[in-house]
Amino acid sequence: MREPLVRRMREFGTTVFATMTKLAVETGSINLGQGFPDTDGPERMLQHAIEAVRGGLNQYPPGPGLPELRQAVAEHRKQWYGLAYDPDGEVLVTVGATEAISAAILALCEPGDEVVLFEPYYDSYAAAVALAGAVRRSVTLRVDAGRFTFDPAELEAAITPRTRVILVNSPHNPTGTVFTREELECVARVCQEHDLIAVTDEVYEHLAFDGVEHIPLATLPGMRERTVMISSAGKTFSVTGWKTGWVCAPAPLTAAVQTVKQFLTFTANAPWQVAVAYALREEMEWVAAQRAALQAKRDRLMTGLTEAGFDVLRPAGTYFVQTDIRPLGFEDGLELARRLPELAGVVAIPTQVFYDHPERGRHYLRFAFCKRDEVIDEAVTRLRRLGADVA
């Protein structure tokens, strides 16, 4: 029998998140690997979803999404970023940001076109590029002055005549960096000079800390007309299982993405769409409180990881802390991640799996801090024993 999986997808197995979460369940370990909160979002938002289900909103919503949510998304873009999008034609509701990213890449890239990514990158990006038959070109984020950043010369060098898209994620998973205005201006300049489309993954847009500002690339001069802006409710409102996201883009780009999206899932999640529309309008104070709580959790975990012997990098956003494992005497993050449940009863993610050049991230582990304080504290207690054993 022939190999059942098409060649372009053979480098992809089960996602690292599923693998490590399964390991956490099997070993009874604390899961600081996969980035999902262990508490719910705002109560009234949840109630709106329940009321929608009980009220009979259980059939197909319109393909572009419920008008109520598309309008709320447009209002949100205008209020927070000064970006005006027509809810009828420039806003598309998707099954989470992951579908939006895949549909965008499939819609915008011909086989052989190139997509520039910043590595380490969220693992679905590479799979989306492969599905499109496109080619990925990675620009490495390296630590400078305590944060991950890129070399503008390396970004420019990654561009070829076949480049079609630059995929930008900020706040950035898995490093926790938030791109500065200067960094985004560099990306914008490259896009405009080479006539490229930017696809921006902004799911952590409201989870930047220490007063750091999230700046959407589309707000920079000349970028709205060439940017597919993607976000979702999952991280903003702590409902990752709802898989409700959206695209904001000029009408031709939105229409292109919808042409593909309609044959992936067509539409979904009508009750959640009603609830998210409510939350975008009425629950942003809850989001501000959640951001403050997450910043405190970040600091709590960072302190514990430092005491356990890790070299800890301070993230400016997202759910995640990057650690250097070398001070503990380890060199290979993948090997340590596999042993960590046995050594400390904790699960983390080896960052090297998010690189095209794994050796550049071999010494990093990613820990999630979007957990209850008592869970973080117990994980830290266990990890301190790991440091003591090594010492």
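Below: a short report on this structure.

Conventions adopted
Residues numbered from 1 in each chain as written. Predicted model: local features only at pLDDT ≥ 70, side-chain atom pairs only at ≥ 80, totals over all residues. Heavy atoms only, no water. Helix = DSSP H or I, 4+ residues; strand = E, 2+ residues; numbered from the N terminus. Pairing = 2+ DSSP bridges. Axes fitted to C-alpha atoms, helices over the stretch in contact; angles between N-to-C directions. Contact = heavy atoms within 4.5 Å. Core = buried A, V, L, I, M, F, W, Y, C linked by side-chain atoms within 4.5 Å. Buried < 20%, exposed > 50% of the residue type's maximum accessible area, 1.4 Å probe, protein only. Expected span 1.5 Å × (residues − 1). Arc of directions from axis to C-beta. 1 Å grid on protein atoms, 1.4 Å probe; cavity = no way out; pocket = protein on both sides within 12 Å on 5 of 7 lines; lining within 4 Å. Points joined across faces, edges and corners; volume = space filled by probe spheres on them. Nonpolar A, V, L, I, M, F, W, Y, C, P; charged D, E, K, R; others polar. Phe/Tyr/Trp six-rings, centres within 6.5 Å; stacked < 30°, edge-to-face > 60°. Polar contact = N/O pair within 3.5 Å; in protein donor to acceptor, adjacent residues only side chain to side chain.

## So, unusual backbone geometry
Next up, step 1: Looking along the chain, the bond that leaves Glu-119 and enters Pro-120 is cis, with omega of 5°.
Next up, step 2: Residues Asn-173 and Pro-174 are joined by a peptide bond in cis, for which omega reads 20°.
Next up, step 3: Relative to the assigned elements, Pro-174 resides in the loop between β7 (163-169) and α7 (181-193).
Next up, step 4: In this structure, Asn-269 takes a positive phi of about 65° despite not being glycine.

## Notes on the sheet that holds strand β8 (residues 197-201)
Next up, step 1: Judged by pairing direction, the sheet is mixed, and its seven strands sit side by side in the order β2-β10-β9-β8-β7-β3-β4 without closing on themselves. Edge positions in the open sheet fall to β2 (91-94) and β4 (135-140), since each of these has one partner strand only. Strand-to-strand, the axes of this sheet are offset by a mean angle of 20°, without reference to chain direction.
Next up, step 2: For strand β9 (residues 227-232) and strand β10 (residues 245-248), the ladder comprises four bridges, and the chain directions are antiparallel. Residue pairing across strands places Ile-230 opposite Val-247, the latter belonging to β10.
Next up, step 3: Where helix α3 (residues 67-81) meets the sheet, its contacts fall on β2, β9 and β10, and the angle it forms with β2 comes to roughly 115°.
Next up, step 4: Relative to β7, α7 is tilted by about 165°, and along the sheet it contacts β3 (114-119), β7 and β8.

## Remarks on the nonpolar core
Next up, step 1: With 72 residues, the main nonpolar core has Val-228, Phe-310, Phe-367 and Leu-383 as its most contacted residues.
Next up, step 2: Setting aside its immediate chain neighbours within four residues, Leu-383 contacts Leu-305, Ala-308, Phe-310, Leu-340, Ala-344, Val-346 and Phe-367.

## Some thoughts on helix α1 (residues 16-27)
Next up, step 1: Here α1 spans 16 Å end to end across twelve residues, near enough to the 16 Å set by a 1.5 Å rise per residue.
Next up, step 2: Along α1, the residues classified as buried are Val-16, Phe-17, Met-20, Thr-21 and Ala-24. In an axial view of α1, the angular spread of the buried residues amounts to 125°, which keeps them on one side of the axis. Along α1, the residues that are exposed and aim more than 90 degrees away from the buried face are Lys-22, Val-25 and Glu-26.
Next up, step 3: Where α1 is buried, its residues meet β1 (30-31), α5 (123-131), α12 (333-344), β13 (346-347), β14 (349-350) and β15 (364-368).
Next up, step 4: Positive backbone phi, at 70°, marks Gly-28, one or two positions downstream of α1.

## Concerning the sheet that holds strand β11 (residues 311-313)
Next up, step 1: Reading across from one edge, β11-β12-β15-β14 is the order of the four strands in this open sheet, with antiparallel pairing throughout. Since the sheet does not close on itself, it has two edges, and those belong to β11 and β14, each with one partner.
Next up, step 2: As defined by bridge partners, β14 adjoins β15 across two bridges and the pair is classed as antiparallel. Following the sheet pairing, Ile-349 is matched in β15 by Arg-366.
Next up, step 3: Running over the sheet, helix α11 (residues 284-307) touches β11, β12 (320-324) and β15 and is turned about 15° from β12.

## Points about the layout of surface pockets
Next up, step 1: Of the voids in this model, the largest pocket is the one considered here, and its volume is about 650 Å³.
Next up, step 2: Forming the walls of the largest pocket are 27 residues, and the residues nearest its centre are Thr-14, Thr-15, Val-16, Asp-123 and Val-353.
Next up, step 3: Broken down by secondary-structure element, the contributors of at least two residues to the lining of the largest pocket are α1, α5 and α12.
Next up, step 4: In terms of residue class, the lining of the largest pocket is made up of 15 nonpolar, seven polar and five charged.
Next up, step 5: Roughly 470 Å³ of volume is contained in the second largest pocket.
Next up, step 6: Along the wall of the second largest pocket there are 28 residues; nearest its centre are Thr-98, Tyr-122, Lys-235, Thr-240 and Lys-243.

## A short note on the packing of aromatic side chains
Next up, step 1: Applying the stated criterion across every chain, the model contains 14 aromatic pairs.
Next up, step 2: Geometrically, the ring pair formed by Phe-118 and Phe-179 is edge-to-face, given 5.4 Å between the ring centres and 70° between the ring planes. In this pair, Phe-118 sits in strand β3 while Phe-179 sits in the loop between β7 and α7, placing the two residues 61 residues apart along the sequence. Neither Phe-118 nor Phe-179 differs from the other in exposure class; each is buried.
Next up, step 3: When the centroid spacing of 5.5 Å and the interplanar angle of 75° are considered together, the rings of Phe-310 and Phe-367 count as edge-to-face. Of this pair, Phe-310 sits in the loop between α11 and β11 while Phe-367 sits in strand β15, and the two are 57 residues apart along the sequence. Here Phe-310 matches Phe-367 in class, with each residue buried.
Next up, step 4: Connected via pairs of aromatic rings, a cluster forms that spans Phe-17, Tyr-122, Tyr-125 and Phe-354.

## Section: the environment of Thr-265
Next up, step 1: Positionally, Thr-265 belongs in the loop between α9 (251-261) and α10 (270-282).
Next up, step 2: Here Thr-265 falls in the partly exposed class, since its relative accessible area comes to 33%.
Next up, step 3: In the structure, Thr-265 is positioned 133 residues away from Ala-132 in sequence and 17 Å away in space, judged by C-alpha atoms.
Next up, step 4: Here Glu-99 takes part through its side chain, which lies 2.5 Å from a polar atom of the side chain of Thr-265.
Next up, step 5: Polar side-chain contacts of Thr-265 include one of 2.6 Å to the side chain of Lys-261.

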